[in-house]
Amino acid sequence: MLLEVRDLRVEFRTRDGIVRAVNGVTYSVEAGETLAVLGESGSGKSVTAQAVMGILDMPPGRITGGEVLFQGRDLLKLKEDQRRKVRGAEMAMIFQDALSSLNPVLTVGAQLAEMFTVHRGMSRKEARARAVELMDRVRIPAAGDRAGDYPHQFSGGMRQRIMIAMALALEPALIIADEPTTALDVTVQAQVMDLLAELQRELNMGLILITHDLGVVADVADRIAVMYAGRIVETAPVYDIYKAPAHPYTRGLLESIPRLDQKGKELYAIKGLPPNLLHIPPGCAFHPRCPMAQDVCRRDVPPLYEVAGERRSACYFWRETLDG
Ligand code: ADP
Ligand code: MG
């Protein structure tokens, strides 16, 4: 297994109290596999990823439990200088907003070249050539000419391609893409997503794709992990989830995407709001919004039940939900 996150817990100490952002997340990714992490805003998707990458804001953040096994090593036990070596070279992250992740005062060619001079000890000339190759690989037209341009001179979609190029530069084994296309126009979104999926296959990388958009993941993901209030509530192969969700929250997410075959029908929306992580509801955190909630849901946190095969659901009523 490439990456195994086990029972990860992260909290933030804030003036208002303790924000329990990640409450025992367990997931894994194999080489060549795409895991989509899905959930509404504020469910702890990014914080989990930051803890895995080792870029969590500490303080106020604190990892209070769990393991992050990457190729068998627990990254949480590494010293910062070892951690830094892993980051970039062995695992890399792609963020939503390329403009704030790229250096505004360096040309993109120089930024890409720096990856090779710093990490691979290449000469500047060699590194430049590799930078242009990479830009070509992420299909930036006239890459040779454009290497001398600054990030702001590129369109949003092209900038996102440059960020993908930065992440791929050292051919890491794992990429974490955190809402990589959310800031882009819909048509550009699909192009960037296709590119990422294609490169991932070519390089046989593990990919964690964080998104709140179920529509995006159908084509590219192998498995889905659905997060709610800092926990995984359902995880399963993509096909299974689309066929029949085993958690009422997943069902709500699925039913709230527009579908061509249901044109004109009113969209289902999950009622209410995601919980404030300062005050997570007792029992199943989803119970205040759940159409199936019973007393037990208000009282006890449900375990992740084994539904079948790789499929897990943290719902007492997963059978009823499946039959739904
Ligand atoms: P998602 O990516 O699923 O939208 P996040 O992982 O970003 O959600 O956030 C989960 C929770 O952690 C949120 O309640 C957020 O307010 C809190 N959080 C994230 N970063 C910080 C921080 N630096 N300080 C305090 N709280 C934070
Ligand atoms: Mg996020």
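Structural data are supplied above this passage.
Residue indices follow the written sequence of each chain, beginning from 1 at its first position. Going through the entries in the order they are written, you letter the chains from A and number the ligands from 1. Reporting in this predicted model follows two pLDDT cut-offs: at least 70 for local features of residues, and 80 or more for side-chain atom pairs to be given and counted; totals over whole chains, interfaces and linings ignore these cut-offs and use all residues. Just so you know, side-chain values use all the structure's heavy atoms and leave hydrogens and water out.

Visitor: Is there a simple way to explain the packing of aromatic side chains in this structure?
Guide: To describe a pair of aromatic rings, you give the distance between the ring centres and the angle between the ring planes. For this analysis, a ring pair means two rings from Phe, Tyr or Trp (six-membered ring only for Trp) whose centres lie within 6.5 Å, classed as stacked if their planes differ by under 30 degrees, edge-to-face if by over 60, and tilted for the remaining angles. According to the stated counting rule, one finds four aromatic pairs in the structure shown. Here the aromatic rings of Y249 and F286 are separated by 5.2 Å at their centres, their planes lie at 65°, and the arrangement is edge-to-face. On the criterion of sequence distance, the pair formed by Y249 in helix α11 (residues 248–255) and F286 in the loop between α11 and α12 (295–299) is long-range, its members being 37 residues apart. In this scheme, a residue with accessible area under 20% of its type's maximum is buried, one over 50% is exposed, and one in between is partly exposed, where area comes from a 1.4 Å probe on protein chains only. For F286, a relative accessible area of 2% corresponds to the buried category. Taken together, a centroid distance of 6.2 Å and an interplanar angle of 65° make the contact between Y305 and Y316 edge-to-face. Separated by 11 residues along the polypeptide, Y305 in strand β11 (residues 305–308) and Y316 in the loop between β12 (311–313) and α13 (318–323) bring together distant segments of the chain. Taking relative accessible area as the criterion, Y316 reaches 22% and is therefore assigned partly exposed. Through pairs of rings, three or more aromatic residues link up here, namely Y228, Y249 and F286. Two thresholds decide whether a charge sits over a ring: the Lys NZ or Arg CZ must be within 6 Å of the ring centre and within 35 degrees of the ring normal. Sitting over the ring of F154, R146 keeps its end group 4.0 Å from the ring centre. Only DSSP runs of H or I covering at least 4 residues are called helices, and only runs of E covering at least 2 are called strands; the numbering of each starts at the N terminus.

Visitor: Explain the site of ligand 1 to me, please; I cannot follow it from the model alone.
Guide: For this purpose, a residue is taken to be near a molecule or strand whenever a single non-hydrogen atom of the residue falls within 4 Å of it. Within the structure, ligand 1 sits among 15 residues, and G42, G44, K45, S46 and V47 are positioned closest to it. Whenever a nitrogen or oxygen atom comes within 3.5 Å of another N or O atom, the pair is scored as a polar contact, on the condition that within protein one atom can donate a hydrogen and the other can accept it, and that pairs from neighbouring residues in sequence are kept only if both atoms are in side chains. Contact distances for ligand 1 include 3.1 Å between an oxygen atom and a backbone N or O atom of S43. Measuring from an oxygen atom of ligand 1, one finds a side-chain N or O atom of K45 at 2.8 Å. All accessible areas in this document rest on Shrake-Rupley with a 1.4 Å probe, and a residue is counted as covered only by the protein chains that are shown. Burial of ligand 1 by the surrounding chains reaches 68%, relative to a free accessible area of 560 Å². Residue contributions to the shell around ligand 1 peak at three residues, all from helix α1 (residues 45–53). Charged means Asp, Glu, Lys or Arg here, nonpolar means Ala, Val, Leu, Ile, Met, Phe, Trp, Tyr, Cys or Pro, and polar covers whatever is left, Gly included. A class-by-class count of the residues in the shell around ligand 1 yields six nonpolar, six polar and three charged.

Visitor: For this particular structure, what's the right way to read α1?
Guide: Because an α-helix completes one turn every 3.6 residues, residues spaced three or four positions apart along the sequence face the same direction. Of all nine residues in α1, seven are buried; the element is thus mostly enclosed. Taken together, the buried positions of α1 are occupied by K45, V47, T48, A49, A51, V52 and M53. Downstream of α1 by a residue or two, G54 has a phi angle that is positive, lying close to 80°.

Visitor: Sorry, what's going on with the side chain of E11 here?
Guide: Of note, E11 is situated in strand β1 (residues 3–14). We classify E11 as buried; its relative accessible area is 9%. There is a polar contact of 3.2 Å between the side chain of E11 and the side chain of R20. In what follows, residue pairs with any heavy atoms lying within 4.5 Å of each other are defined as contacts. Not counting the four nearest positions on each side in its chain, E11 is found in contact with I18, V19, R20, A21, P60, G61, R62 and T64.

Visitor: Would you explain the sheet that holds strand β2 (residues 17–29) in this entry?
Guide: Sheets are built from strands paired through backbone hydrogen bonds, the pairs being either parallel or antiparallel. If you trace the four strands from one edge of the open sheet to the other, you get β2-β1-β4-β5, paired in antiparallel fashion. Sheet topology places β2 and β5 (73–74) at the edges, where each strand pairs with a single neighbour. Both β1 and β2 contribute to a ladder of 10 bridges, which runs antiparallel. Residue pairing for β2: L8 is matched across the bridge by V25. Here, strands pair whenever DSSP counts at least two bridges between them.

Visitor: Is there a simple way to explain the packing of helix α4 (residues 108–120) against helix α5 (residues 124–137) in this structure?
Guide: Two packed helices can be described by the angle between their axes and the distance between those axes. At a closest axis distance of 8 Å, the pairing of α4 and α5 adopts a crossing angle of 120°. In the crossing of α4 with α5, the sense of the turn from one axis to the other is right-handed. The segment α4 lies against α5, with V108, G109, A110, L112, A113, F116 and T117 engaging R124, A127, R128, R130, A131, L134 and M135. Looking at the contact of α4 with α5 residue by residue, the class counts come to nine nonpolar, two polar and three charged. Every axis in this analysis is a line fitted to C-alpha atoms, fitted for helices over the stretch in contact. Angles between the N-to-C directions lie between 0 and 180 degrees. Should the near helix be turned anticlockwise from the far one by less than a right angle, the crossing is left-handed, and should it be turned clockwise, the crossing is right-handed.

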